[in-house]
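# Report on the structure
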Amino acid sequence: MRAVITVVGKDTVGILSGVSDICAENNINIIEVSQSILQELFCMIMLVDMEKSSVAFADFSDRLKAMGKEKNLQIHTMQEDVFNAMHHV
Amino acid sequence: MINTRDILETIQMIENENLDIRTVTMGISLLDCCCDDIDRSCTKVYDKITRLAERLVPEVDTIEKEYGIPIINKRIAVTPVAMLTAASGGDPVRYAKTLQRVADTVGVNFIGGYSALVQKGFSAGDEALINSIPEALACTQNLCSSVNIGSTKTGINMDAVAEMGKVVLRCAELTKDDNCIGAAKLVVFCNAPEDNPFMAGAFHGPGEPECVINVGVSGPGVVRAALAKIPGANITEVADTVKKTAFKITRMGQLVASQAAQRLGVPFGIVDLSLAPTPAVGDSVAHILEEMGLESCGAHGTTACLALLNDAVKKGGTMASSHVGGLSGAFIPVSEDAGMIDAARSGCLTIEKLEAMTSVCSVGLDMIVVPGDTPAEIISAIIADEAAIGMVNSKTTAVRLIPAIGVREGEELNFGGLLGSGPVMKVNTASPAKFISRGGRIPAPLQSLKN
């Protein structure tokens, strides 16, 4: 199962490493990352493979959300299928 | 990788535009629970629903987490209880209390199906059930009731219409200390769909399979936001934009429906393509109409805008789902829609205009607060008018009025939560008493003779 992590918020030091550390801790492989800064707003999209994940999806998502809250960022973790369903015929 | 813009658009819809799945509703047939002893019948009902729906709430919660899509309600719809009463006899309120226990055990928000289908006449169990509705809704919290009093194929059962006026009033009277909430849990239908996942009208029709998952989508906020991006567009572009947005919303509903069905091991039934508003700011159908260019919902032009919206939602949604059903159209429940509430308060939106609007959209006169001293025959006549629109146009129409007992015109009832709040609206008080007292049946219209 693949998931998309999106991070939106004010740019600060260590956002990418914070998210990737949580992935690594849970044996989740990062496939692709794209990031941009639009008018000081940090926006990162990460595609990850959760096939060998050592943690349940809900716990992983909660963990990222909690980290987001600490750093004042909005972090969403959603299965890739949602975007395929919505945007591809 | 998926387009960045598409990903951010989805996040924006969920985060800022109130995109959600309104309900995942499990339909369960209770026909095999009928027996001639009401005690045994109630035990079978409890055991069967709690067995089949045991995992409904946790599984749907997991889907919500994994897909990041808010799923607001988990509900159950059952075989019309009048059919069980026909076999078992006894006081139907016993079933109501059993269904409430089921709701408490499995943790669903609502359970629908305290219903009777009497479009052509009353059979065993129907009258007992209808007479028990006020008490059943007063002594339960999560139970919903509906009665189908007419259809295009059969005409309108005017005896049932006369009876339902009294039942609606009684529902409000018995719950007058709780904002007359009983009446908000009762809907009177013409052409009731058998696979509707939305409350208060959900029931599991006799033609439905043993157990099924139906999903109702939402998303008025998303449609409004899409229209706000094309302020100068002509009306063809407006319709196209609604269509494209409805497609995306429905695809999400289809995904959730198929996932829920697969995980619960139950067949997928339908996706209901309805734009269901909530009282939250930014989740209003009225505001979509205003975005199209009306000063206020209720202004002249409202019916045309709503017709366009309703049609475009269906066109966009149909391709997005393998099976479409239920009510499928824009809802216009006054108390559940911030824009409708404002329009009703200002006097721009009247019951007469709402009636016209119901001829081009689903569902009907929904969540409208009327004066508590409105006579039963006027409520019956409102039901008859609405049923006539449904019967002639081969569409579902419904009436969910809340007589505000002890509250005057201009004051408000506040139900809280998704049911919202609404001002007491003015009702035409000229008497239809003689018409309603005639009884009998309005014959089926020519439209019914299609064979």
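Definitions and cut-offs
- Residues numbered from 1 in each chain as written.
- Chains lettered and ligands numbered in written order.
- Predicted model: local features only at pLDDT ≥ 70, side-chain atom pairs only at ≥ 80, totals over all residues.
- Heavy atoms only, no water.
- 1 Å grid on protein atoms, 1.4 Å probe; cavity = no way out; pocket = protein on both sides within 12 Å on 5 of 7 lines; lining within 4 Å.
- Points joined across faces, edges and corners; volume = space filled by probe spheres on them.
- Helix = DSSP H or I, 4+ residues; strand = E, 2+ residues; numbered from the N terminus.
- Nonpolar A, V, L, I, M, F, W, Y, C, P; charged D, E, K, R; others polar.
- Buried < 20%, exposed > 50% of the residue type's maximum accessible area, 1.4 Å probe, protein only.
- Contact = heavy atoms within 4.5 Å.
- Polar contact = N/O pair within 3.5 Å; in protein donor to acceptor, adjacent residues only side chain to side chain.
- Buried area = accessible area lost by both parts, 1.4 Å probe.
- Salt bridge = Lys/Arg side-chain N within 4 Å of Asp/Glu carboxyl O.

### With respect to the layout of surface pockets
Residues and elements named next belong to chain B. The calculated volume of the largest pocket comes to roughly 380 Å³. Elements represented by at least two residues in the lining of the largest pocket include exactly β2 (71–78) and β6 (186–190). Taken together, the residues of the lining of the largest pocket sort by class into 15 nonpolar, six polar and six charged.

### Structural notes on helix α13 (residues 338–346) of chain B
All names here are of chain B. Every buried residue of α13 is accounted for by Ala338, Gly339, Met340, Ile341, Ala343 and Ala344. Tucked into the core, α13 has its buried residues touching α11 (285–291), α14 (351–357) and β12 (421–423). The N-cap of α13, judged by a side-chain oxygen 3.0 Å from the amide nitrogen of glycine 339 a few residues on, is aspartate 337. Glycine 347 sits one or two residues past α13 and shows a positive phi near 90 degrees.

### Description of the interface of chain A and chain B
Reports of interface size often rely on the accessible area that becomes lost once the parts have come together. Contacts between the two partners involve 28 residues from chain A and, on the opposite side, 25 residues from chain B. Across the interface of chain A and chain B, roughly 2,400 Å² is buried in total on both sides, 70% from carbon and sulfur atoms. By the criterion of area lost to chain B, the three top residues of chain A are A:Ile45, A:Met86 and A:His87, representing 26% of everything that side buries. The tally of links from chain A across to chain B stands at one salt bridge. The partner of A:Asp62 in a salt bridge is B:Lys65, with the nearest N and O atoms 2.5 Å apart.

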